[in-house]
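Residue-level listing of the chains:
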Amino acid sequence: NAGVTQTPKFRILKIGQSMTLQCTQDMNHNYMYWYRQDPGMGLKLIYYSVGAGITDKGEVPNGYNVSRSTTEDFPLRLELAAPSQTSVYFCASSSPLLTTNEKLFFGSGTQLSVL
Amino acid sequence: AQTVTQSQPEMSVQEAETVTLSCTYDTSESDYYLFWYKQPPSRQMILVIRQEAYKQQNATENRFSVNFQKAAKSFSLKISDSQLGDAAMYFCALLYNQGGKLIFGQGTELSVKP
């Protein structure tokens, strides 16, 4: 059982370049999330999805885009990379968070540097 | 805007003692839920305890309990009889928007001294 898989683990981008952070889960979770974690700042929600075809903005969506064409995949797109997007990115998935057996799983993270 | 604030970046407790982690939040929603999650080095978020905003009674889960002060928008976590395995990063989290939007505080790194 792989859980939540994120690729790549590390990436260095030049200003203005674009890239896609991949996230896939094999637990048939409807809820998926993208967070960024800056030192001392905790986790900030970028985008989230409550099911295939449904996405919504989080706390810091500017500069990012997402899609959710399948239950398993939730890629995060950076179109014009900026130094302010240097961060560690986490994808997460969960079963409905209000059930008694809810589970929230995080990927191992992607460390992104924009230079 | 909804926010979650944890003002203690690091806390330390002696084994078998009690420690309290602080969390304050702000929301305009009437229907919301509060969580404490534990994040060990494996990065998997482990649910510690959950509180429904409409419930006045403070949630408890074995050695873990919360002090939920709705009017003050405060949600602190008390860990009793601390154990070495309690050492981890602890995140306070707020769930709103009909159960879809989950935001976190900055986290508190808890160390447990033997």
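Numbers given to residues run from 1 along each chain, matching the order in which its sequence is written. Whichever chain is written first is A, and whichever ligand is written first is 1; the rest continue in order. Per-residue local features are limited, in this predicted model, to residues with pLDDT of at least 70; the limit for side-chain atom pairs, both in listing and counting, is 80 or more; totals at the level of whole chains, interfaces and linings are taken over all residues. Computation of side-chain values: all heavy atoms of the structure, hydrogens and water removed.

In this structure, what is going on with the nonpolar core? I would like to understand it.
One recurring pattern in soluble globular proteins is that nonpolar side chains are buried together. By nonpolar core is meant a set of buried Ala, Val, Leu, Ile, Met, Phe, Trp, Tyr and Cys residues that side-chain atoms within 4.5 Å join together. Throughout this description, buried means an accessible area under 20% of the type-specific maximum (1.4 Å probe, protein chains only), exposed means over 50%, and partly exposed covers the range between. With 46 residues, the main nonpolar core has Tyr-35 and Phe-106 of chain A together with Trp-36, Leu-77, Tyr-90, Leu-102 and Phe-104 of chain B as its most contacted residues. Here this core gets eight residues from one element, more than from any other, and that element is strand β10 (residues 88-96) of chain B. By the convention used here, residues are in contact when the closest approach between their heavy atoms is within 4.5 Å. With residues near it in sequence (within four places) discarded, Phe-104 of chain B still touches Tyr-35, Leu-43, Leu-104 and Phe-106 of chain A together with Val-4, Tyr-37, Met-45, Phe-91, Cys-92 and Ala-93 of chain B. Core analysis: the second largest hydrophobic core is formed by 20 residues, Met-27, Tyr-47, Leu-78 and Tyr-89 of chain A among them. Every helix listed is a DSSP run of H or I at least four residues long, and every strand listed is a run of E at least two residues long, numbered separately from the N terminus.

Honestly, the pattern of salt bridges in this entry has me stumped. Any pointers?
Note that side chains of opposite charge can pair when their charged atoms are close. All names here are of chain B. Throughout this description, the term salt bridge denotes a Lys or Arg side-chain nitrogen within 4 Å of a carboxyl oxygen of Asp or Glu. Considering all chains together, one arrives at five salt bridges over all chains under this definition. As a salt-bridge pair, Asp-86 and Arg-63 come within 2.8 Å of each other at their nearest N and O atoms. Of the two residues, Asp-86 is situated in the loop between β9 (74-79) and β10 and Arg-63 in the loop between β7 (60-61) and β8 (64-69); the sequence distance between them amounts to 23 residues. The exposure class of Asp-86 is buried, given its relative accessible area of 3%.

Help me understand the state of the cysteines in this model?
Cysteine sulfur atoms that come within 2.5 Å of each other are treated as a disulfide pair. Here the structure, examined in full by the defined rule, presents two disulfides over all chains. Put simply, Cys-23 of chain A and Cys-91 of chain A are joined by a disulfide, and their sulfur atoms are 1.8 Å apart. An S-S torsion of about -70° defines the bridge between Cys-23 of chain A and Cys-91 of chain A as left-handed. You can see Cys-23 of chain A sitting in strand β3 (residues 19-25) and its partner Cys-91 of chain A sitting in strand β9 (residues 87-94), a full 68 residues away along the chain. With respect to burial, Cys-23 of chain A and Cys-91 of chain A carry one shared label: buried. A disulfide bridge connects Cys-23 of chain B with Cys-92 of chain B, and the sulfur atoms are separated by 2.0 Å. Its torsion about the S-S bond being -70°, the disulfide of Cys-23 of chain B and Cys-92 of chain B is classed as left-handed. Separated by 69 residues along the polypeptide, Cys-23 of chain B in the loop between β3 (19-21) and β4 (24-26) and Cys-92 of chain B in strand β10 bring together distant segments of the chain. By relative accessible area, Cys-92 of chain B is classed as buried at 0%.

Sorry, what's going on with the environment of Gly-3 of chain A here?
All names here are of chain A. By the element assignment, Gly-3 lies in the segment before β1 (4-7). The buried category is assigned to Gly-3, whose relative accessible area is 10%. For Gly-3, the contacting residues outside a window of four places in its chain are Thr-24, Gln-25, Asp-26 and Met-27.

How should I be thinking about the interface of chain B and chain A in this particular structure?
Buried accessible area, meaning the area lost when the parts come together, often serves as the stated size of an interface. With 20 residues of chain B at the contact, the number on the chain A side is 26 residues. Buried area is calculated as the accessible area (1.4 Å probe) missing from two parts once they are joined, with the contributions of both summed. Summing both partners gives a buried area of about 1900 Å² for chain B against chain A, and 58% of it is carried by carbon and sulfur. Inspection of the chain B/chain A interface yields zero salt bridges. Contacts described as polar in this section are N or O atom pairs within 3.5 Å, which, within protein, must combine one atom able to donate a hydrogen with one able to accept it, while residues neighboring in sequence count only if both atoms come from side chains. The tally of links between chain B and chain A comes to two residue pairs in polar contact (both at pLDDT 80 or more). For the side of chain B that touches chain A, the secondary-structure elements that each account for two or more residues are β5 (33-39), β6 (46-52), β10 and β11 (101-104) of chain B. Looking at the side of chain B that touches chain A residue by residue, the class counts come to ten nonpolar, seven polar and three charged. Three residue categories are used. Nonpolar comprises Ala, Val, Leu, Ile, Met, Phe, Trp, Tyr, Cys and Pro, charged comprises Asp, Glu, Lys and Arg, and polar comprises the others, including Gly.

Help me out: how do you make sense of the environment of Ala-81 of chain A in this one?
Residues and elements named next belong to chain A. You can see Ala-81 is positioned in the loop between β8 (76-78) and β9. Residues Ala-81 and Gly-16, spaced 65 residues apart in sequence, show a C-alpha to C-alpha distance of 4.8 Å. In this view, Ala-81 contacts Leu-13, Lys-14, Ile-15, Gly-16, Gln-17 and Val-114; residues no more than four positions away in its chain are not counted.

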